[in-house]
Amino acid sequence: MLKIEANWIDLRYLDALSTQNTSIHRLNPCVKLITTLIFILTVTSSSKYEITGLYPFFLFPAVLVSLGNLPLSLILKRLLIVAPFIIFIGIFNPFFDNTPITKIGSVVISGGWVSFLSITIKLCLTVTTALILVATTGIDPLCSALLKIGVPKIIVVQLLFMYRYLHVLVEEFVRCITAYSLRSFHGEGVQFRAWGSLLGQLLLRSIDRANRIYQAMLCRGFDGEVRLLRTSSLTLVDILYLIFWIIFFLLVRWFNIPQLLGNLLMGV
């Protein structure tokens, strides 16, 4: 229970970091969003056997963390939470792809292991960059930027509600766990046979709370439109930032810089 609450507090703290006044935070939200989307596109479009060519991409999140004054430990902690899902996505590759790729001593490395490592690196890069985007932009400016680039309003509204009222679901779950623990004589946590009724109660409580929240929103004049501040303007710094990173991403995507440097050093 305490772990769930601590993780939610960390998530809210990630959004609170967006109120800082650094050079990255002052950039236009649309520019940061477009840059991140291009970064994700170039990373994920790399070959499934690409490993060394992905290393230069780490420069982008490293620069953002440094200039944005972000705690690296918090970003890594959030990344560790999704690490099991990242591993699960590519863990079966070695069983389906037995094509020999390289050989280290007497050990033959199959394509499955190489693609598994490549997928892990790609997901780490994309997830880390997405977390940094939230930490340097904030959920409201980010949703405003989504509207500006043409994302349907209904999707943006659902995203806002999901984020804003996720803590409602967490509070209801913690309340249910607390009530169960106070009525438990063994103190061994929630028994397996009780999880069905517990989740059912959580669903009913969440629906009831959602109805009350919706009625409160109607009483306050909610008409389906979430009005966000859109005061940010495009500056020369924003344009230079976008152009620089797009050129860098394309160069890294089409040229294996570590391999080129290695060949250059070997030639010397």
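Scroll up to find the structure.
A brief look at the structure comes next. (Residues numbered from 1 in each chain as written. Predicted model: local features only at pLDDT ≥ 70, side-chain atom pairs only at ≥ 80, totals over all residues. Heavy atoms only, no water.)

### Focus on the overall build of the chain
The helix and strand inventory of the chain stands at twelve helices and two strands. In sequence order, the secondary structure elements of the chain are arranged as α-α-α-α-α-β-β-α-α-α-α-α-α-α. For the chain, the proportion of its 268 residues judged to be buried stands at 36%. Counting contacts in the chain only where the partners sit at least 6 residues apart, residues at least 24 apart contribute 79% of the total. A total of about 16500 Å² of accessible surface is found on the chain, and carbon and sulfur atoms cover 70% of it. (Helix = DSSP H or I, 4+ residues; strand = E, 2+ residues; numbered from the N terminus. Buried < 20%, exposed > 50% of the residue type's maximum accessible area, 1.4 Å probe, protein only. Contact = heavy atoms within 4.5 Å. Areas by Shrake-Rupley, 256 points an atom, 1.4 Å probe, with all protein chains shown as cover.)

### Some remarks on the pattern of salt bridges
Following the criterion strictly, the structure yields one salt bridge and no others. With a closest N to O distance of 3.4 Å, Arg212 and Asp208 form a salt bridge. Here the residue Arg212 and the residue Asp208 both occupy positions in helix α10 (residues 195-219), the gap between them amounting to four residues, near one helical turn. Take Asp208: its relative accessible area is 41%, and that puts it in the partly exposed class. (Salt bridge = Lys/Arg side-chain N within 4 Å of Asp/Glu carboxyl O.)

### Considering the nonpolar core
In this structure, Leu14, Phe39, Phe57, Phe60, Tyr241 and Phe249 are the most contacted members of the largest nonpolar core, which totals 28 residues. Once residues lying within four places of it in the same chain are set aside, the contact partners of Phe39 are Phe57, Phe60, Pro61, Leu125, Thr129 and Phe249. Within the second largest apolar cluster, eleven residues are counted, among which are Cys30, Leu33, Leu142 and Val156. (Core = buried A, V, L, I, M, F, W, Y, C linked by side-chain atoms within 4.5 Å.)

### Details of the packing of aromatic side chains
The geometry of an aromatic ring pair is captured by the separation of the ring centres together with the interplanar angle, meaning the angle of the planes. This model, assessed by the stated rule, comprises twelve aromatic pairs. Three or more aromatic residues joined by ring pairs form one cluster here, namely Phe39, Phe57, Phe60, Tyr241, Phe244, Trp245, Phe248 and Phe249. Stacked on the ring of Trp254, the Lys or Arg Arg253 has its end atom at 4.8 Å from the ring centre. (Phe/Tyr/Trp six-rings, centres within 6.5 Å; stacked < 30°, edge-to-face > 60°. Lys NZ or Arg CZ within 6 Å of the ring centre and 35° of its normal.)

### Comments concerning empty space enclosed by the protein
For the coordinates displayed, the defined rule picks out one cavity of 30 Å³ or more. Considering only enclosed or pocket space, the largest cavity measures out at about 40 Å³ in volume. If you trace the largest cavity, you find it lined by Ile24, Lys32, Thr36, Leu64, Ile132, Leu133, Thr136 and Tyr241. Those elements that provide at least two residues to the lining of the largest cavity are α2 (29-44) and α6 (111-137). The biggest single contributor to the lining of the largest cavity is α6, with three residues. (1 Å grid on protein atoms, 1.4 Å probe; cavity = no way out; pocket = protein on both sides within 12 Å on 5 of 7 lines; lining within 4 Å. Points joined across faces, edges and corners; volume = space filled by probe spheres on them.)

### So, the environment of His25
Relative to the helices and strands, His25 resides in the loop between α1 (2-16) and α2. Given the relative accessible area of 10%, His25 is considered buried. Between the C-alpha atom of His25 and that of Gly138, which follows or precedes it by 113 residues, the distance is 9.2 Å. Those residues within four positions of His25 in sequence are excluded, and the remaining contacts are Leu17, Ser18, Thr19, Gln20, Lys32, Gly68, Leu70, Ala135 and Thr136. Polar side-chain contacts of His25 include one of 2.5 Å to the side chain of Thr22. (Polar contact = N/O pair within 3.5 Å; in protein donor to acceptor, adjacent residues only side chain to side chain.)

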